[in-house]
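Structural characterization, general
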Amino acid sequence: MRRFSKQLSVVFTVLLCASAVAPAVKAAGPESRTKAFSTGAFDPFIDFINQRVRQGWEDNEVDPSPVASDEEWIRRVHLDLIGQIPSAETVEKFVKDRDSAKRSKLIDQLLDDPGYVQNFTNVWTNLLIGRRTPRRVSRNGMQKFLREVFAKNRPWDETVQDLVTAEGHFEENGAVNYLLAQMQNNDEAVQVTAATTRLFLGIQVQCTQCHNHPFNDWKQNQFWEYNSFFRQMRRVNHRKTDPKTGRQVDDYSEIVATGFDGPVYYEKRSGLMQVAYPIFEEFKVSPDSGVERRKEFSKLIVKGDRPLIATAIVNRMWGYFMGYGFTRPVDDMGPHNPASHPELLNKMAEELVKKDYDLKQLARWICNSEAYNLTSQYGSKNEIDSPERGETPLFSHMYVKNMTAEQLYDSLIVATGAHKSGQSNWERAEQQRRQWMNQFMVAFDTDSGDDATTFNGTIPQALMMMNGELTKNAISAESGSYLNQMLLSKGNDQDKIRKMFLSTLSRYPDRREVTSAQRLIARSPDKLAAYQDLYWALLNSNEFIFNH
């Protein structure tokens, strides 16, 4: 306690220098943008994206923020694509690189990095089954399926079709775990219907299970028409005898097809029973038992030049990278919730279909766009662009994003080497991460994959960061530790301070920060303790724990 009391007094001094995530700056005027922005990419569709976003700036009389510095941008793109901050050496190399196309090249490099597969496997595992693995669901099976999806860059339409039509053993066919995770109750596939429409179609019809939606056009019959597609399946839980105890224990679960036929009946608020046939949009599917409804559903959701499945994934990915989607929330699209840039959203969805649902290409378009490359700092000429206050997002600056627990864990590893990640062994690395996640989930008091599970600086989260085992290991000065190696390296105090900033915040300190840190070290009777305090303060600064 004494140590952290002392550190808390120090952090107030240091954080004044290190926590300014998005202060106001003077936005760039039109005269400074005579030369069109480019990351060096040659795809003409990126120009279309830029033009549509710029039109929004002009229509709303907003000047965008300047382009982000290399240090700010490389940290952001690493976090977004591979889920962790860059090493100090990576930042140094990138800043020194004079290639005008270095941003575009780095995007391609990160999309081919194994970290891309791990990052998006984490993202979609949490979305599909949650952070806490439901009973009778194989997290390993789900992750194995998703790793293959992202490693091979499988088309998104095929991936969704596999998920909604999956059958079999939960580890032999990992896709079934999405359905198993929703089928926790005997609710006639109600949860499957709600999750599938929300996650893959970007529409929220769960409220219409009991009545017509009071605020939009969704009707009760639509929910049960969608539900009708998922009635020909059930989960089977297998048990086995434990050879050590002789007792029956859980073995595995699977999804099997059933012979359900006929329409579905539901009760209206008036008490009358109503019939619902399997219908998606205007397409009606035969309710005969010989027709595999989930397979018919999987064909219908990809039908057309711009199906909902394409619009939904574009909106979700744009929101993932930019901090806000074209709608808010990203999975509630429709006439009741118009998109901020409807023409851009629709065109991106159409182009994605033409590119065979290539998610890497979608990420490439967004990361090479002008909007993604702007600084998170804003000024008087674009301060109205504030979606956190309920305003329509204009994307005139990058919105500060909360790190996910996974990003925070992996970034601590990169910054400090406080914990061996075991990257050569996926299961071992994942097991270590999960142990840390379990602590976070207790602190966060939540278990789903929504925004509430991100690190947003609540008191329990802050205390865990300040006093957690990983942070204590990070500031350890024992032989072989990262801090020990840095302190034994060549250079004076200023050199070491610069390296500490670079390894944690991905940037060099400014003159005021160097002076403050030097004064802290000079005044301390214990030089090592002063370095540990500085390192602790940097790791607990807003600038470290937010993606900006």
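Residues numbered from 1 in each chain as written. Predicted model: local features only at pLDDT ≥ 70, side-chain atom pairs only at ≥ 80, totals over all residues. Heavy atoms only, no water.

**Comments concerning the overall build of the chain**
- Check the secondary structure of the chain and you find 24 helices and 10 strands.
- Here the contacts in the chain between residues at least 6 apart in sequence split such that 70% fall between residues at least 24 apart.
- When the accessible area of the chain is evaluated, it comes to approximately 24900 Å², of which 48% is carbon and sulfur surface. (Helix = DSSP H or I, 4+ residues; strand = E, 2+ residues; numbered from the N terminus. Contact = heavy atoms within 4.5 Å. Areas by Shrake-Rupley, 256 points an atom, 1.4 Å probe, with all protein chains shown as cover.)

**Focus: the packing of aromatic side chains**
- Taken as a whole and judged by the stated rule, the model has 25 aromatic pairs.
- Three or more aromatic residues link up through ring pairs in this structure, and these residues are Tyr116, Phe120, Phe150, Tyr320, Phe321 and Tyr372.
- Over the ring of Tyr277 we find Lys284, and its NZ or CZ is 4.3 Å from the ring centre.
- When the ring centre of Tyr508 is taken as origin, the NZ or CZ atom of Arg498, which lies over that ring, is 4.3 Å away. (Phe/Tyr/Trp six-rings, centres within 6.5 Å; stacked < 30°, edge-to-face > 60°. Lys NZ or Arg CZ within 6 Å of the ring centre and 35° of its normal.)

**Focus: a nonpolar patch on the surface**
- On the surface, a nonpolar cluster with roughly 390 Å² of combined accessible area is contributed by Tyr265, Met273, Val275 and Tyr277.
- On the accessibility criterion, Tyr265 (54% relative accessible area) is exposed. (Patch = residues over 30% accessible without salt bridge, like charges linked within 9 Å, V, L, I, M, F, W, Y side chains within 5 Å. Salt bridge = Lys/Arg side-chain N within 4 Å of Asp/Glu carboxyl O. Buried < 20%, exposed > 50% of the residue type's maximum accessible area, 1.4 Å probe, protein only.)

**A look at the pattern of salt bridges**
- Summed over the entire model, instances satisfying the criterion amount to 29 salt bridges.
- Between Asp80 and Lys401 there is a salt bridge, and its shortest N-O distance comes to 2.8 Å. Pair noted here: Asp80 is in helix α3 (residues 70–82) and Lys401 is in strand β8 (residues 401–404), with a separation of 321 residues, a long-range link.
- By relative accessible area, Asp80 is classed as buried at 2%.
- Ionic pairing is found between Arg154 and Asp162, a salt bridge with its closest N-O pair at 2.8 Å.
- Put simply, Arg135, Arg136, Arg239 and Asp250 are held in one network by salt bridges that share partners.

**Remarks on helix α5 (residues 102–111)**
- Taken across its 10 residues, α5 has 7 buried, putting it largely inside the fold.
- Listed in full, the buried residues belonging to α5 are Lys102, Arg103, Ser104, Leu106, Ile107, Leu110 and Leu111.

**Here we look at the sheet that holds strand β3 (residues 248–257)**
- Strands sit in the order β1-β3-β2 across an open sheet of 3 strands; the sheet is antiparallel. Among the strands making up the open sheet, the edge pair consists of β1 (168–169) and β2 (233–241). (Pairing = 2+ DSSP bridges.)

**Notes on the packing of helix α13 (residues 308–322) against helix α14 (residues 342–354)**
- One way to put it is that α13 packs onto α14 with a least axis distance of 8 Å and a crossing angle of 115°. It follows that α13 is roughly perpendicular to α14 by the angle criterion. As α13 runs across α14, the sense of the crossing is right-handed. On α14, the residues that touch Ala310, Thr311, Ile313, Val314, Asn315 and Trp318 of α13 are Leu344, Leu345, Met348, Ala349, Leu352 and Val353.
- Among the residues making up the contact of α13 with α14, the classes are represented as 10 nonpolar, 2 polar and no charged. (Axes fitted to C-alpha atoms, helices over the stretch in contact; angles between N-to-C directions. Parallel < 35°, antiparallel > 145°, perpendicular 65-115°, else oblique. Left-handed = near helix turned anticlockwise from the far one by under 90°. Nonpolar A, V, L, I, M, F, W, Y, C, P; charged D, E, K, R; others polar.)

**Regarding the environment of Glu543**
- Counting through the fold element by element, Glu543 comes out in helix α24 (residues 542–545).
- Using a relative accessible area of 5% as the deciding quantity, one classes Glu543 as buried.
- Within the structure, Glu543 has its side chain in polar contact with the side chain of Arg507 (distance 2.6 Å). (Polar contact = N/O pair within 3.5 Å; in protein donor to acceptor, adjacent residues only side chain to side chain.)

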